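# Observations on the three-dimensional arrangement
Residues per chain are reported as follows:
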Amino acid sequence: MPQIFHPSTNAFAKATIFGAVFILVGISVAAGLFVRSPYITQVDVVRDQPVPFSHDHHAAGLGIDCRYCHTTVETSSFAGMPNTETCMGCHSLIWRNSPLLEPVRASWRNGAPLVWTRVYDLPDYVYFNHSIHVAKGVACENCHGRVDRMPLMRKVVSLHMEWCLDCHRHPENAVGSLADVFKFGRKPVGGATQIDEDKASTAVATTDAQPNLVEKYKIATTQLADCVICHR
Amino acid sequence: MTSTLLPILDESCRAAGCESRGQARRTAYWRSLDELAETADFKELLAREFPSQLAVWDDPVGRRNFLKLMAASFALAGITGCTREPLETIVPYVRAQPEITPGRPLYFATAMTRGGYALGLLAESHMGRPTKLEGNPDHPASLGATDALAQASILDLYDPDRSQTVIRRSVIETWDHFLTALTTELGPIRERRGEGLRILTERVTSPTLARQLEALLEDLPEANWHQFDPAGFDNAYEGARQAFGRTVETRYDFSRADIIVSLDADFLSTLPASLRYAREFIDGRRVSARPTSMNRLYVIESTPTITGAMADHHLARRPSLIEPAARMLAGQLGLDVGQPSSAAAEDIVPQDWLRALVSDLNAHRGAGLVIAGEGQPPSVHALAHAINQALGNVGSTVIHTVPVMARPRSGRESFANLVSDMHAGRVDTLVMLGGNPVFTAPGMLDFEQALAQVRLRVHLSEYYDETSFLCDWHVPAAHYLESWGDARAYDGTATIMQPLIAPLYGGRTAYELVAALAGKGGQSSYEIVQDYWRGELGEANFGDSWQRAVHDGVIPQTAADTLDVRVTSSFGNERASPDAPPFPDGELEAVFRPDPTIWDGRFANNAWLQELPKPLTKLTWDNAAYLSPATAEQRALANGDVIEITLEGRSIEAPVWTLPGQADGCVSLTLGYGRSKSGRVGTGLGYNAYTLRPNADAWFAHGASIRKTGGHYKLVTTQGHHNMEGRDIVRVHTFEQLQSGAAGQHKHDAEPLPSLYPEYEYTGNAWGMVIDQTACIGCNACVAACQAENNIPTVGKDQVAVGREMQWLRIDRYYHGSPQDPETYFQPMMCLHCEMAPCEVVCPVAATVHDSEGTNNMIYNRCVGTRYCSNNCPYKVRRFNYLQYTDEITPSLKLMRNPDVTVRSRGVMEKCSYCIQRISHARIDAKREMRPIRDGEVITACQQACPTRAIVFGNLNDTAAEVRKLKGSPLNYGVLAELNTQPRTTHLARVTNPHPDLAAPAGDEPKPRDEGNS
């Protein structure tokens, strides 16, 4: 029976055997990088929406407060999406004939709701509550980024559990003044890293004028990393 | 079970301490006859230790293949983590909904009816979807509690098997066509002033419907209206007629009763006011709150009920012996009634028993209560009325009012007349509003044959059932959560039932159909009900008073007027022979009872109720013919043997179940099973006991004979599973022991044991629970409530057979004493949230962990299904999804699920979470307001449903919390605390209150009982 492999292939075999550890480590690292890649996390991916709504224009340009549309953010787990009536409150008077707003007018005429695509979507076994976060000084910006600079909405964080736990283990890095929760561009202070202004700032830090916000807001630091805080 | 029962009785005698045998394991408390007799089956069950966790791999796959598959599974398991979340949408409202906050439920007052009587409810609604029902605290029949049937009725709402369209002789039709056809048919009937038109309803308490029907009958005087309820209360009405000469509704005030005598009355579960009675009855026994006095319950009954299980003194007697027993009692109290012959008397009620009972009743005049059961004939009800009057109980514990039911003519006459008229061809058109008489009519009446004589048959019902199938027109009925309506509670208080959701399947209501009969076809239920109450509440400010009535769920000042009636002198002589009829050898008495979980059959398609273990037998998915151990032994019958039961020429086949505490000489049959057209769940389960029933208010019959067929039928029970090996799981003390301070000391309750694991410290909340076994009546409401709250799936009979039922909460039932007439104890058991939890340390992936508030959490998304935790749990309270039990396909069931609880899929362990979602809601609300969680702010689902407040939950670090006070009771103990698991849920020992002159039944050491043994 003729030899199938040339003797030189022995080198490959040896390299494979002795390199097994490196190969396994390499696969693990690659897998780790893969799940954190924008391909999986969908960070910065803009979704198709029925109306190309611009937060940049409405929030920054016109200065409309977040809570004008996201009405239940302070009372409920769900921040709330504006009903068509809210849109029409203004758009029955301005931009009445804009073709971009036709789906809104159609919804108002027909009574059929607008169907938006979720940008921030947690798995169904994760129970996130907006109201408690904004009540304890976690700003919209901390998770949603500089929405006031987004013409089209996109996700700016991975929403991986490790990202959640970063804050839940060190709330002092995320908690800011309650007065600023619905404002954008809170400046990092002290030794905190200068952040990319377009990215979400999990590193927004307390200012010197507001020491011990965690204590002041009675944030139960011992409890925040319990599994059942989010999973139930 | 394979052995005969002879060794059982022998062994039981030993176990109960009749004779001491050194080497025998002394089983003071036992849970099944198998266990008591230590049969081979039972030993095998123990050997396998944990049958619910048996390996699922029964395929003949070799080790190599197994390893290959496992390797591939592990390799692929990682890849599942690398998928993207699927795209989801958000759909906001078009118009602002100011009252709806997405993520926060709303509660609406409504009511459910059973036997026509209302039970006030609060329905939880998540953005328009009703998901859970709670009791309405303002409603007199509920007081905030619910029963298992009410909890499970939410599943009926979403049942995909409900009828979805109008059907005319099996062809799909429309409501409009039905109205047109009805109008055409009614023309000639109107000309005949209604002759030949009959309307058949279930028991009606609805003031609106009663008014509508009365008006219709005024319009068509030759027509007639009949009411028929297979589990009705006609014997009570008829008994009142015998006693008082007029129809009277009797209600009871158990809160004033010190001595209670039940003559075959299951007042804790079958009456319209059972939830209230249970609360009041237990409040009189709650020694943790009122340690100075305790009421005492005497029960004489034929077939064991949960009321009998609560008895301090219990006699099991076949049903025909209850009337002589009542006569003996009446005679001893000085009433002039016929007495049974003295030779028979001792066999009916033992002398010392009767003496103790009479002395108790005499010593508590005005605070006694004698109640006769619906299963007893009118004469027993009349006797009870006479006894209550003689003892001065009327006006105190017994209150007579005008009837709550509309037109309370005797249901027997009414329904029997209807059927005989139908047979005679005098009925031209029959309109049936609800009910399923083809199935529920007593077999002797041959309703099916009678129906064939009727020209036009119309049936309104929620399901296309046995009756619909034989009708010309079938109209789907709306569920009570889909329609406007009204109904009265046991005391007459009216409730407006408001819908939570538009009819899912286009259902219609009886109001609309009667309006159509009256020629007002377009009227909606809302208009009809509102019109009626506009007249009652007054035109002035009607908008406000209507809003208030709908919002509160009760309408003030609608309770029935009390009556001052006296017993007429002649009642006692109505029956010539007070002796029981002759009881020839070989014959049995047949006893009929509504099923404890599916009632008269209307809940047959409800999987939650089918799988809910029956309170005493713990059977699921079936009914059986219940026999006493002695009767079964005499006839060499074992559990599962199929017998043929014959009564007056009709016979059925049913499997035998031996029931400790069942009276000798009778066979008990439960109604509601044997449905042939119920839906995917209920069709074909069990046997149909209606076939044997002689008439609609005969709850027992003489002259039944049984014959062994030789067949065997597999009955499935949850009883033998989850065994807890002869340790002192249930503790029982007498009231005397408690008062003398002798209760509560126990050999296992030494100082806390040291542990190798570090102690936890709780600076914030520390949750804990106490379950009072004196208060638990074993009614199953908590089990059903837990199932509804926590999205728990059902598994089906085959899976229950291998111990894979999923209910997080179970109620263990223990017996003590002789199997002929044992004491029965209930023990709710769920995850006890151990401080030193054995499950936590063995989980390889930390999917079950302790949190900083002391609860033991199950993290589903982390669980990989090793089941080590369950294996290591001494309480056997963990449940594993061996298969994909949760129905994730049926669209209507998705609407039903609690959005705050993760829906589990195959391969995941689950267990009681202390309703962590409710804790989370309260915690977030409290933290947002920067305050601590108040006591009573977190109420678990089981606690909320419990009619007797047997379950108390709260923060152990809160010195004012009720749960903390109860933990200080001398009755408080941890189950299997000797294992140093330090359970956070502890139990309060059961306290009984036997008469000092009768043998004390309770205590840690087994003692024989005098009565009931032969």
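Residues numbered from 1 in each chain as written. Chains lettered and ligands numbered in written order. Predicted model: local features only at pLDDT ≥ 70, side-chain atom pairs only at ≥ 80, totals over all residues.

## Focus: the overall build of chain A
Along the backbone of chain A there are eleven helices and one strand. In chain A, the succession of α and β elements from N to C terminus is α-α-α-α-α-α-α-β-α-α-α-α. Within the span of chain A, comprising 232 residues, buried residues form 25% of the whole. Of all intrachain contacts in chain A linking residues separated by at least 6 positions in sequence, the fraction that spans at least 24 positions is 72%. (Helix = DSSP H or I, 4+ residues; strand = E, 2+ residues; numbered from the N terminus. Buried ≥ 20, exposed ≤ 12 C-beta atoms within 10 Å, placed from the backbone. Contact = placed C-beta atoms within 7 Å.)

## Observations concerning the overall build of chain B
In terms of helices and strands, chain B carries 32 helices and 40 strands. A buried classification covers 56% of the 1014 residues belonging to chain B. Excluding contacts between residues fewer than 6 apart, the proportion of contacts in chain B whose partners are at least 24 apart in sequence is 75%.

## Overview of the pairing of strand S27 (residues 700–712) of chain B
Moving residue by residue along a regular strand, the side chains alternate between the two faces of the sheet. Summarising the sheet, strand S21 (residues 588–594) of chain B and S27 of chain B pair through three bridges and their orientation is antiparallel. Among the inter-strand pairings, Ala590 of chain B is bridged to a residue of S27 of chain B, identified as Ala701 of chain B. (Pairing = 2+ DSSP bridges.)

## Quick notes on the sheet that holds strand S14 (residues 368–372) of chain B
Residue and element names in this part refer to chain B. Taken in spatial order, the four strands make up an open sheet running S13-S12-S11-S14, and their pairing is parallel. The sheet is open, and its two edges are formed by strand S13 (313–316) and S14, each paired on a single side. Averaged over all adjacent pairs, the angle separating strand axes in this sheet is 10°, with direction ignored. Summarising the sheet, strand S11 (residues 259–263) and S14 pair through five bridges and their orientation is parallel. If you follow Val261 over to S14, its bridge partner there is Val370. (Axes fitted to C-alpha atoms, helices over the stretch in contact; angles between N-to-C directions.)

## Points about unusual backbone geometry
With phi around 55°, Lys218 of chain A is a residue other than glycine that occupies positive phi space. Within the secondary structure layout, Lys218 of chain A lies in the segment after helix H11 (213–216). Classification of Lys218 of chain A as exposed rests on a count of 11 C-beta atoms within 10 Å. You will see that Glu648 of chain B, though not glycine, has its phi angle at about 45°, which is positive. Here Glu648 of chain B lies in the loop between strand S24 (641–647) and strand S25 (650–658). Assessed through the 14 C-beta atoms surrounding it within 10 Å, Glu648 of chain B is described here as partly exposed.

## A closer look at the interface of chain B and chain A
Across the contact, 36 residues belong to chain B and 41 residues belong to chain A. At six residues, the largest contribution of residues to the side of chain B that touches chain A is made by helix H30 (residues 916–928) of chain B. Per-class residue counts for the side of chain B that touches chain A are 16 nonpolar, twelve polar and eight charged. Pairing of strand S1 (residues 116–117) of chain A with strand S2 (residues 89–90) of chain B involves two bridges; the strand directions are antiparallel. Following the sheet pairing, Trp116 of chain A is matched in S2 of chain B by Ile90 of chain B. (Nonpolar A, V, L, I, M, F, W, Y, C, P; charged D, E, K, R; others polar.)

## So, the nonpolar core
Judged by nonpolar contacts, the single largest core of 276 residues is most densely connected at Leu263, Ala590, Ala625, Ile645, Val667 and Cys782 of chain B. Discounting chain neighbours no more than four positions away, the residues touching Leu263 of chain B are Ile300, Ile322, Ala326, Val370, Ile371, Ala372, Gly373, Gln376, Val380 and Ala384 of chain B. Ala59, Cys66, Cys140 and Ala174 of chain A belong to the second largest nonpolar core, which has 16 residues in total. (Core = buried A, V, L, I, M, F, W, Y, C linked by C-beta atoms within 7 Å.)

## Focus: the sheet that holds strand S5 (residues 129–135) of chain B
All names here are of chain B. Taken in spatial order, the three strands line up as S3-S4-S5 in an open sheet, and their pairing is antiparallel. The open sheet has two edge strands with one neighbour each: strand S3 (106–114) and S5. Averaged over neighbouring strand pairs, the angle between their axes works out to 40° when direction is ignored. As defined by bridge partners, S3 adjoins strand S4 (residues 117–126) across nine bridges and the pair is classed as antiparallel.

## Here's the deal with the packing of helix H6 (residues 84–91) of chain A against helix H7 (residues 102–110) of chain A
Residues and elements named next belong to chain A. Axis separation between H6 and H7 bottoms out at 10 Å; the angle between their running directions is 115°. Considering the relative orientation of H6 and H7, their crossing is left-handed. Across the interface between the two elements, Thr84, Cys87, Met88 and His91 from H6 touch Val104, Ser107 and Trp108 from H7. Each residue belonging to the contact of H6 with H7 can be placed in one class, and the counts come to four nonpolar, three polar and no charged. (Left-handed = near helix turned anticlockwise from the far one by under 90°.)

## A look at the pairing of strand S31 (residues 810–816) of chain B
All names here are of chain B. The buried count for S31 comes to seven of seven residues, which makes it a mostly enclosed element. Pairing between S31 and strand S32 (residues 823–829): seven bridges, direction antiparallel. Each residue of the ladder has a partner; that of Arg813, found in S32, is Phe826. Taking the residues that link successive antiparallel strands as the turn, the S31-S32 hairpin has six residues, and the phi of Gly817 there is positive, at about 105°.

## Describing the confidence of the model for chain A
Chain-level statistics for chain A give a pLDDT mean of 86 and a share of 89% at 70 or above. Low pLDDT, under 50, characterises residues 188–209 of chain A; the stretch is placed with 45 contacts to residues that sit more than four places away or in other chains. (pLDDT = per-residue confidence, 0-100.)

## Quick look at the confidence of the model for chain B
Residue and element names in this part refer to chain B. Per-chain confidence: chain B averages 87 in pLDDT, with 88% of residues scoring 70 or above. Across residues 1–27, confidence stays below pLDDT 50; counting only partners more than four residues off in sequence or on other chains, it has 56 contacts. Confidence estimates for the predicted assembly give a pTM of 0.89 and an ipTM of 0.87.

## Thoughts on H7 of chain A
Because each turn of an α-helix spans 3.6 residues, side chains separated by three or four positions end up pointing in the same direction. Residue and element names in this part refer to chain A. Taken residue by residue, H7 has Val104, Ser107 and Trp108 as its buried positions. Each buried residue of H7 lies within a common arc of 95° when the element is viewed along its axis, so the set occupies one face. In this structure, H7 carries Glu102, Arg109 and Asn110 as exposed residues pointing more than 90 degrees from its buried face. Residues of H7 that are buried sit in contact with H6. Gly111 sits one or two residues past H7 and shows a positive phi near 75°. (Arc of directions from axis to C-beta.)

## Side note on the environment of Arg635 of chain B
Here Arg635 of chain B lies in the loop between helix H23 (629–634) and S24. Residue class for Arg635 of chain B comes out partly exposed when judged on the 17 C-beta atoms lying within 10 Å of it.

## Some words on the packing of helix H7 (residues 207–219) of chain B against helix H19 (residues 510–517) of chain B
Residue and element names in this part refer to chain B. At a minimum axis distance of 10 Å, the contact between H7 and H19 shows a crossing angle of 15°. Looking at the two axes, H7 sits roughly parallel to H19. The interaxial crossing formed by H7 with H19 has left-handed handedness. Contacts from Thr208, Leu209, Gln212, Leu213 and Leu216 of H7 reach H19 at Ala510, Tyr511, Val514, Ala515 and Leu517. Residues of the contact of H7 with H19, tallied by class, amount to eight nonpolar, two polar and no charged. (Parallel < 35°, antiparallel > 145°, perpendicular 65-115°, else oblique.)

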